[in-house]
Amino acid sequence: MILLKFGGSVITDKTTECCFKQPTVDQLAKELFQAQKSFILVHGAGSFGHIQAKKYHLNNGYSTKSQLKGFSLTHMMVQKLNSMVLNTLYDHGIPAVGLPPHAMMILDNHQPLQFNTTIIDNYLDLGLTPVTYGDVILDKSQGFSICSGDLLIEILAKQYHPDKVIFVMDEDGLFTANPKLNPDAKFITETTIKELSSLQTTANTYADVTKGMQGKVETIKRIAAHGIDTYLVNGNIHNRLFHTLIDKETKYTHIFGDTI
Ligand code: IPE
């Protein structure tokens, strides 16, 4: 089984509120169908969640009643995005089911406290593709907080030990510096946990409430420590996802799993 994340910056335009990139998601769904693999899909919130969550300071937890409106709005919008993703998968022949993280999990200080995988297991057994997503959810000490798609990937990777984890992003993979800011940034084709520890990444400039690239690198290191290989792939370039899914070489960053 393969665990995949569609980054919010691939499936939405992060600079425009609630802007879904339909042609890109169509292409990705087509490639998923062609590969004929079993997978769990997680998607980010992009401009359906970050802008709203930032406006209402949702990632700092519950402090004022007015945030409840923001919680409801953010949840509604990411659910809408999830419907659009499900719709696109359906149109390309992939029977999928949307699983809101708040219905399976409670956090405590941004870390999982309870996670019930029974529903995911049963849908997988039936042959349906579970699709979950970054959302606002209950948090024991904070009232609520953000559950990012990256956190979901990490939890699911530990639980299911997939053949590989694929992050579909709007960049070719990892660079030695932020390629959008630094023309000398060099592309990294393959790397290890050890090498990743010495890598400096810069935060991106979007209205992100989750941790951007630095947070992703930390997540990947924890996934790799379970012996699971991770691939970072550009979702905007046709067939890179397809080739990664079918083990054909293409441009990506491959982070080797290593349990030592
Ligand atoms: C963020 O999820 C969830 C909310 C802001 C509600 P992610 O952190 O996984 O989203 P992207 O991939 O950065 O857009």
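Residues numbered from 1 in each chain as written. Predicted model: local features only at pLDDT ≥ 70, side-chain atom pairs only at ≥ 80, totals over all residues. Heavy atoms only, no water.

(A) Highlighting the overall build of the protein. Summing up its helical and strand segments, the protein has 9 helices and 14 strands in all. Taking 18 Å as the expected radius of gyration for a compact globule of 260 residues, we find that the protein reaches 17 Å, a close match to that expectation. Taking all 260 residues of the protein together, the buried fraction comes to 52%. Within the protein, contacts between residues separated by at least 24 positions form 76% of all contacts whose residues are at least 6 apart in sequence. (Helix = DSSP H or I, 4+ residues; strand = E, 2+ residues; numbered from the N terminus. Rg over C-alpha atoms; globule rule 2.2 N^0.38 Å. Buried < 20%, exposed > 50% of the residue type's maximum accessible area, 1.4 Å probe, protein only. Contact = heavy atoms within 4.5 Å.)

(B) Expanded view of the sheet that holds strand β2 (residues 39–43). Read across the open sheet, the 8 strands follow the order β3-β6-β2-β1-β9-β13-β14-β12; overall the sheet is mixed. Each edge of the open sheet carries a strand with a single partner, namely β3 (96–98) and β12 (190–191). Strands β2, β3 and β6 (129–133) of the sheet are contacted by helix α5 (residues 118–126), whose axis makes an angle of about 130 degrees with β2. Lying on the sheet, helix α6 (residues 149–160) is in contact with β1 (2–6), β2, β6 and β9 (164–169); it crosses β1 at an angle near 180 degrees. (Pairing = 2+ DSSP bridges. Axes fitted to C-alpha atoms, helices over the stretch in contact; angles between N-to-C directions.)

(C) Spotlight on the packing of aromatic side chains. Tallying each qualifying case throughout the model produces 4 aromatic pairs. Arranged with centres 5.3 Å apart and planes meeting at 65 degrees, the rings of F175 and F187 form a pair that is edge-to-face. Of the two residues, F175 is situated in strand β10 (residues 174–175) and F187 in strand β11 (residues 187–188); the sequence distance between them amounts to 12 residues. Pairing Y231 with Y252 gives two aromatic rings, centres 4.9 Å apart and planes at 85 degrees, and the pair type is edge-to-face. You can see Y231 sitting in strand β13 (residues 230–234) and its partner Y252 sitting in the loop between α9 (240–245) and β14 (253–255), a full 21 residues away along the chain. Take Y231 and Y252: they sit in the same class, and that class is buried. These aromatic residues form a ring-pair network of at least three members: Y62, F71 and F144. The ring of Y231 has K164 sitting right over it, with the charged end atom 5.1 Å from the ring centre. One cation-aromatic arrangement involves K251 over F187; the distance from NZ or CZ to the ring centre is 4.6 Å. (Phe/Tyr/Trp six-rings, centres within 6.5 Å; stacked < 30°, edge-to-face > 60°. Lys NZ or Arg CZ within 6 Å of the ring centre and 35° of its normal.)

(D) Focus on the nonpolar core. Core analysis: the largest hydrophobic core is formed by 34 residues, its most contacted members being V165, F167 and L174. Broken down by element, this core gets its largest block of residues, 7 residues, from α6. In this structure, F167 is in contact with K5, D150, I153, K216, I220, I223, T230, Y231, L232 and V233, ignoring residues within four places of it in sequence. Counting 29 residues, the second largest nonpolar core, distinct from the first, contains F20, F39, L81 and L245. (Core = buried A, V, L, I, M, F, W, Y, C linked by side-chain atoms within 4.5 Å.)

(E) Geometry of the pattern of salt bridges. Applying the stated criterion across every chain, the model contains 8 salt bridges. The salt bridge partner of K5 is D150, with a shortest N-O separation of 2.8 Å. Here K5, found in strand β1, pairs with D150, found in helix α6; they are 145 residues apart in sequence, far enough to count as distant. Of the two residues, K5 and D150, neither departs from the other in class, the shared state being buried. Across the pair K251 and D172 runs a salt bridge, and its minimum N-O distance is 3.6 Å. Taken together, the positions of K251 in the loop between α9 and β14 and D172 in the loop between β9 and β10 put the pair 79 residues apart, joining distant regions of the chain. Of the residues examined, K251 reaches a relative accessible area of 35% and is grouped as partly exposed. (Salt bridge = Lys/Arg side-chain N within 4 Å of Asp/Glu carboxyl O.)

(F) Structural context of the pairing of β1. Of all 5 residues in β1, 5 are buried, a share of seventy percent or more. Residue alternation in β1 divides its side chains into two sets, I2, L4 and F6 and L3 and K5, and both sets are buried. Sheet topology note: the β1/β9 ladder contains 5 bridges and is parallel. Bridge pairing links F6 to V168 in β9.

(G) Up close: helix α4 (residues 67–91). Across its 25 residues, α4 extends 36 Å between first and last C-alpha, which sits within 8% of the 36 Å expected from 1.5 Å per residue. Looking one or two places after α4, you find G93, whose phi comes out positive at around 90 degrees. (Expected span 1.5 Å × (residues − 1).)

(H) Expanded view of the environment of V25. Within the secondary structure layout, V25 lies in helix α2 (residues 22–35). For V25, a relative accessible area of 1% corresponds to the buried category. The spatial distance from the C-alpha of V25 to the C-alpha of T88 is 7.0 Å, given a sequence separation of 63 residues.

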